[in-house]
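Given next are the chains, with one letter for each unit.
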Amino acid sequence: MSPSKDEDVLAALGYKQELKRHFSWFELVGLSFTIIGVVPSIAAVLVFSIPYGGPVSMIWGWLVASVFLVCIALALAELGSAQPTCGGLYYWTHFYCSAKYRNVLSWLVGYINTITYVSAVASGGYALSVLIMSAASIGRDTFAPTTGQTYALMVAVLVSEAVVSSMATRVVARLQSLFVVLNVGLFLGIIIALPAATPSEFKNSPSFVFGSFQNLSLWPDGFAFILSFIAPAWVIAGLDASVHISEEAKNAGAAVPKAIILSAVISALLGWAVNIALAFNMGPDLELLLSDPIEQPMSSILFHAFGQKGMLIFWTFIIITFYAGLADLMMAASRQTFAFSRDGALPMSRVFYRLNKHTGTPVNCTVACASGASLLGLLMFASPAAINAVFTIPVICQYVTFTIPIMARFLAGKEFVPGPFSLGTWGRPVAFVASSFMSFMAVVLFFPLEPHPLVDEMNYGVVVFMGVVTLSMAYYFFPVYGGRYWFTGPVSTINVAFREGTASGDSNEKVMVVEELATGVPI
């Protein structure tokens, strides 16, 4: 049987088809949309958006940031359409950068992106554990979870997520329709049920919702408004997730950009609507809302509307939907690890570059991601600031890894051959806007929540980020054994040639001939 068009495209990029292509474009959109998880993610970050301007920042800050986030999605969609491979960012970096810098930058982007996904899984596992413990605390007033109990729950969550994301691609792909239904149902619950059930004393006027700026932090008002961008930046994240699933998608060149753009745009609009609904029904006393003992403003808003039992039912659906998104996130993390191992860049690459004979998926990579996330979770025993760094670092790291290939495409002078999706002449200005916003936000994300912080209130994101960069570069430049002596970028697993003629006898047409290689060669 002749290779499919998708296999031809992948072969042209230097790789043989190993994963099974079972994701339709809708299921790929569903995966990206579920990873973003609008309502569960807003529930997790609401405590970071309310203090920096109240309803104005929740609504207008979200809207302003969303414009830039969609620009990022557009820029990534062009690259994903042109070269749909699960290596994604580091592959594009090597392809578009100049010969002098391509190896080291590809290495750096690959390592940062891999660690980004592991830390994102860790932060998601921690956030989900906190949500579950919050429900337990509300259900039993006398229950106060210890750090040890929260960590044990986090590990249990990660183990179960690893099992789900290791299932056969066909199974995970079919689950996406259910995940989309859960997300949309939860959204409709916020938009319809919350306003109907909220008592009048917790209702807010339109002038309060759209015009009341309440800065509860010690930062100046202007900077507080900018800090409110952190919430949408954290929610509408992981925009490259569908790229890492591209080798399991049908018609990937068209499906990947659809997934990136539609998930970003739909999530931005739904998230804006959710914030408006919350602002109308959260009550005027924001300080009281933030003083909630379990530090979950969303739970207080739901409690006022539905009472304890109704709130717990709603909270259960938030937990289930968050769980679904984390399973998809771990799947994307395992595929990035698989791709980087396929190119021999990770320690023990031969162990990770294996597909389970029963599921056809990289189970070893999934186990590695879950184990790494569990180790990062140990930071919760250090201090709240330490575990908060795990929350911050994925956004900072992903912006760095997004910016490098996006700008390399225009600065290194290599010809760009577009895929099915192209911005045409708009590609350059969109890429510039996206890269400028990401560079700006990468700096903002290093700031502490309040000025003049104490030691345990510091934002240690910069320490973690520089640690990632330093360790990656130390391994690359390590004498004799470092990556600079052997890493040459993506490694081809096939030999591609063309011969004249076809099976039908037309000698004027060229046929791609693909031959698997026993050992990889540099692309």
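This structure is a prediction, so every number in the text was calculated from the model and none was measured.

Across its full length, the chain holds 20 helices and four strands. Relative to a compact globule of 523 residues, whose C-alpha radius of gyration would be 24 Å, the chain shows 23 Å and is just as compact. C-alpha extents for the chain along the principal axes are approximately 80 × 50 × 45 Å. Counting the 523 residues in the chain, one finds 56% classified as buried. Within the chain, residue pairs in contact and separated by at least 24 positions form 81% of the contacts whose partners lie at least 6 positions apart. Here the chain has roughly 21200 Å² of accessible surface; of this, 68% comes from carbon and sulfur atoms. Looking at charge distribution, the chain has the averaged site of its 24 positive side-chain charges lying 11 Å from that of its 28 negative ones.

Another point: helix H1 (residues 5-12). All buried positions along H1 are accounted for by Asp6, Leu10 and Ala11. Projection of H1 onto a plane perpendicular to its axis shows the buried side chains occupying an angular sector of 135°, all on one side. The exposed residues of H1 that point more than 90 degrees off its buried face are Lys5 and Ala12. A positive phi of about 110° marks Gly14, the residue just after H1.

This part covers a nonpolar patch on the surface. Judged by side-chain polarity, Trp25, Phe26, Leu262 and Ile266 come together as a nonpolar surface patch covering roughly 350 Å² of accessible area. Secondary structure elements with two or more residues in the nonpolar patch: helix H2 (25-36) and helix H13 (252-280). Assignment of secondary structure puts Leu262 in helix H13. What makes Leu262 partly exposed here is its relative accessible area of 33%.

Here the structure, examined in full by the defined rule, presents four salt bridges. Across the pair Glu78 and Arg409 runs a salt bridge, and its minimum N-O distance is 2.6 Å. Separated by 331 residues along the polypeptide, Glu78 in helix H4 (residues 54-82) and Arg409 in helix H18 (residues 384-411) bring together distant segments of the chain. Here Glu248 ties to Arg335 by a salt bridge, and the two come within 2.9 Å at their closest N and O atoms. Residue Glu248 is found in the loop between helix H12 (241-244) and H13, and its partner Arg335 is found in helix H15 (residues 297-342); the two are separated by 87 residues along the sequence. Residue class for Glu248 comes out buried when judged on its relative accessible area of 0%.

With that settled, the discussion passes to the packing of helix H3 (residues 38-49) against helix H8 (residues 169-197). In contact at an axis separation of 8 Å, H3 and H8 are set at 60° when each is read in the N-to-C sense. As judged from the angle between their axes, H3 and H8 are oblique. From H3, Val38, Val39 and Pro40 reach across to H8, where they touch Asn183, Leu186, Phe187 and Ile190. For the contact of H3 with H8, the class distribution of residues is six nonpolar, one polar and no charged.

Ranked by size, the top nonpolar core spans 159 residues in total, and within it Ile72, Ile318 and Tyr399 carry the most contacts. Examining the composition of this core, we find that 19 residues originate from one element, H15, more than from any other. Discounting chain neighbours no more than four positions away, the residues touching Ile72 are Leu239, Tyr399, Phe402, Ala434, Phe437 and Met438.

Close contact between helix H6 (residues 102-139) and H18 brings their axes to 8 Å; oriented N to C, the two are set at 145°. Remark: the crossing between H6 and H18 carries left-handed chirality. In this structure, H6 uses Val109, Ile112, Asn113, Thr116, Ser119, Ala120, Ala122, Ser123, Tyr126 and Ala127 to contact H18, whose residues at the interface are Ile387, Val390, Phe391, Ile393, Pro394, Cys397, Gln398, Val400, Thr401 and Ile404. Taken together, the residues of the contact of H6 with H18 break down into 14 nonpolar, six polar and no charged.

Summed over the entire model, instances satisfying the criterion amount to zero disulfides. No disulfide involves Cys97; its sulfur sits 18 Å from that of Cys397, the nearest cysteine. What makes Cys97 buried here is its relative accessible area of 7%. The closest cysteine sulfur to the non-disulfide-bonded Cys369 is located on Cys365, 6.7 Å from its own sulfur.

Turning to the packing of aromatic side chains, a few remarks are in order. Summed over all chains, the structure comprises 27 aromatic pairs. On the numbers, 4.7 Å between centres and 5° between planes, the contact of Phe68 with Phe437 is stacked. Placement of Phe68 in helix H4 and of Phe437 in helix H19 (residues 427-444) is noted, with a sequence separation of 369 residues between them. The partly exposed category is assigned to Phe68, whose relative accessible area is 27%. Pairing Tyr151 with Phe381 gives two aromatic rings, centres 5.6 Å apart and planes at 65°, and the pair type is edge-to-face.

For helix H5 (residues 89-96), the tally of buried residues reaches seven of eight residues, placing the bulk of the element in the interior. Buried within H5 we find Leu89, Tyr90, Tyr91, Trp92, Thr93, His94 and Tyr96. As for H5, its buried residues are in contact with H4, H6, H12, H15 and H18.

A few words now on the side chain of Asn275. Within the secondary structure, Asn275 is located in helix H13. For Asn275, a relative accessible area of 3% translates into the label buried. Sequence-distant contacts of Asn275, that is, excluding residues within four places in its chain, are made with Ile42, Leu46, Met58, Ile59 and Trp62.

Moving on: the side chain of Thr85. Of note, Thr85 is situated in the loop between H4 and H5. Excluding its chain neighbours within four sequence positions, the residues that come into contact with Thr85 are Leu10, Leu13, Tyr15, Tyr91, Val243, Ser246, Glu247 and Arg342.

Attention now moves to the environment of Ser49. Looking at the element boundaries, Ser49 is found in helix H3. Counting along the chain gives 13 residues from Ser49 to Trp62, while the straight-line C-alpha distance between them is 9.2 Å. In contact with Ser49, not counting residues within four places along its chain, are Gly54, Ser57, Met58 and Ala231.

Thresholds, definitions, all that
- Residues numbered from 1 in each chain as written.
- Predicted model: local features only at pLDDT ≥ 70, side-chain atom pairs only at ≥ 80, totals over all residues.
- Heavy atoms only, no water.
- Helix = DSSP H or I, 4+ residues; strand = E, 2+ residues; numbered from the N terminus.
- Rg over C-alpha atoms; globule rule 2.2 N^0.38 Å.
- Buried < 20%, exposed > 50% of the residue type's maximum accessible area, 1.4 Å probe, protein only.
- Contact = heavy atoms within 4.5 Å.
- Areas by Shrake-Rupley, 256 points an atom, 1.4 Å probe, with all protein chains shown as cover.
- Lys, Arg positive; Asp, Glu negative; His and termini not counted.
- Charge placed at Lys NZ, Arg CZ, Asp CG, Glu CD.
- Arc of directions from axis to C-beta.
- Patch = residues over 30% accessible without salt bridge, like charges linked within 9 Å, V, L, I, M, F, W, Y side chains within 5 Å.
- Salt bridge = Lys/Arg side-chain N within 4 Å of Asp/Glu carboxyl O.
- Axes fitted to C-alpha atoms, helices over the stretch in contact; angles between N-to-C directions.
- Parallel < 35°, antiparallel > 145°, perpendicular 65-115°, else oblique.
- Nonpolar A, V, L, I, M, F, W, Y, C, P; charged D, E, K, R; others polar.
- Core = buried A, V, L, I, M, F, W, Y, C linked by side-chain atoms within 4.5 Å.
- Left-handed = near helix turned anticlockwise from the far one by under 90°.
- Disulfide = S-S within 2.5 Å.
- Phe/Tyr/Trp six-rings, centres within 6.5 Å; stacked < 30°, edge-to-face > 60°.

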